[in-house]
Amino acid sequence: MKGIVFTEFLELVEDKFGLEMVDKIINNSDLESNGVYTSVGTYKFSEMLQLLQHLSSYTGISIDDLLLVYAEHFFSVLEESYPGLLATYSDPIEMISSIENHIHVEVRKIYPDAELPSFEVVEKTENSLIMIYKSSRAMHHFGLGLMNKTFEHFNSTATIVLENLKEDGTEVKFLINKN
Ligand code: HEM
């Protein structure tokens with residue numbers, strides 16, 4: 001997992017819960033990196049999982065809700081870092097349906113070792129989209145947060161329903177309807 005995902009995560013934790021919480025979740029985890037991350041480095045996903053698990057147990061907030069809020073923050077990082085990529089789009093359905101064959105293709109050119117999910121388009125109309133998310137990392141709520149912000153970016157909103165296709169969350173159907 002790319003370092004920018006860790007550095008932005010820890011910044012948000014510091015903002016919302018304070019530096020003490022950052023220290024607590026790092027010190028309680030068994031981290032190869034020792035909790036020292038740079039935005040251009042690459043680290044094990046298992047480190048992110050440990051940080052999320054500890055933050056979840058200290059705050060009582062579920063991992064899914066933490067990922068959702070984190071993704072909403074991460075979207076503004078993407079907006080600042082990749083304005084050109086977002087400017088290619090004028091419609092949220094078009095943008096979200098292009099993650100697999102355009103956006104993440106570009107991401108892979110920048111970060112050849114990025115660990116990206118697959119997002120297969122099953123059905124697409126002007127105002128609706130059905131997609132299947134697949135990833136061993138089960139970060140579907142991270143995807144949900146990014147989608148919510150994508151609609152907001154285009155001054156729109158949507159109702160998005162998630163249906164687990166596998167119990168462990170590694171395959172999830174997204175039913176997206178523009179409001
Ligand atoms: C992960 C970039 C848009 C869904 C990532 C990662 C990067 C990235 C750098 C981390 C990869 C790693 O840690 O190895 C971008 C950029 C975008 C964009 C630059 C737009 C300009 C989106 C959108 C979605 C999305 C709109 C909405 C569904 C995800 C998910 C992950 C991810 C779910 C987590 C990895 C996983 O589930 O396996 N993306 N992304 N991305 N992205 Fe994107």
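Cut-offs applied
- Residues numbered from 1 in each chain as written.
- Predicted model: local features only at pLDDT ≥ 70, side-chain atom pairs only at ≥ 80, totals over all residues.
- Heavy atoms only, no water.
- Donors = N, O, S within 2.8 Å, 3.2 Å for Na, K, Ca; no water.
- Helix = DSSP H or I, 4+ residues; strand = E, 2+ residues; numbered from the N terminus.
- Buried < 20%, exposed > 50% of the residue type's maximum accessible area, 1.4 Å probe, protein only.
- Contact = heavy atoms within 4.5 Å.
- Polar contact = N/O pair within 3.5 Å; in protein donor to acceptor, adjacent residues only side chain to side chain.
- Salt bridge = Lys/Arg side-chain N within 4 Å of Asp/Glu carboxyl O.

Colleague: Explanation requested: the coordination of the iron atom of the ligand in the structure shown.
Modeller: When a metal holds four donors in a tetrahedron, each ideal angle between them is 109.5 degrees; when it holds six in an octahedron, the ideal angles are 90 or 180 degrees. A lone protein donor binds the iron atom of the ligand: His104 (NE2), at 2.1 Å. With respect to the helices, strands and loops of the structure, His104 is situated in helix α7 (residues 99-110).

Colleague: Mind showing me how you'd approach the environment of Tyr70 here?
Modeller: Mapped onto the fold, Tyr70 is located in helix α4 (residues 63-81). Residue class for Tyr70 comes out buried when judged on its relative accessible area of 2%. Separated by 30 residues in the primary sequence, Tyr70 and Glu100 place their C-alpha atoms 21 Å from one another. Residues in contact with Tyr70, not counting those within four places in the same chain, are Ile4, Val5, Glu8, Phe9, Leu12 and Phe142. Side-chain polar atoms of Tyr70 contact the backbone oxygen of Val5, separated by 2.5 Å.

Colleague: How should the pattern of salt bridges be read in this particular structure?
Modeller: In a structure, side chains of opposite charge can pair up when their charged atoms sit close to one another. Scanning all chains against the criterion turns up 7 salt bridges. A salt bridge links Lys44 to Glu32; its shortest N-O distance comes to 2.8 Å. Pair noted here: Lys44 is in the loop between α2 (19-27) and α3 (45-59) and Glu32 is in the loop between α2 and α3, with a separation of 12 residues, a long-range link. With a shortest N-O distance of 3.0 Å, Glu94 and Lys124 are connected by a salt bridge. Here the residue Glu94 occupies a position in helix α6 (residues 92-96), and Lys124 occupies one in strand β1 (residues 118-124), the gap between them amounting to 30 residues.

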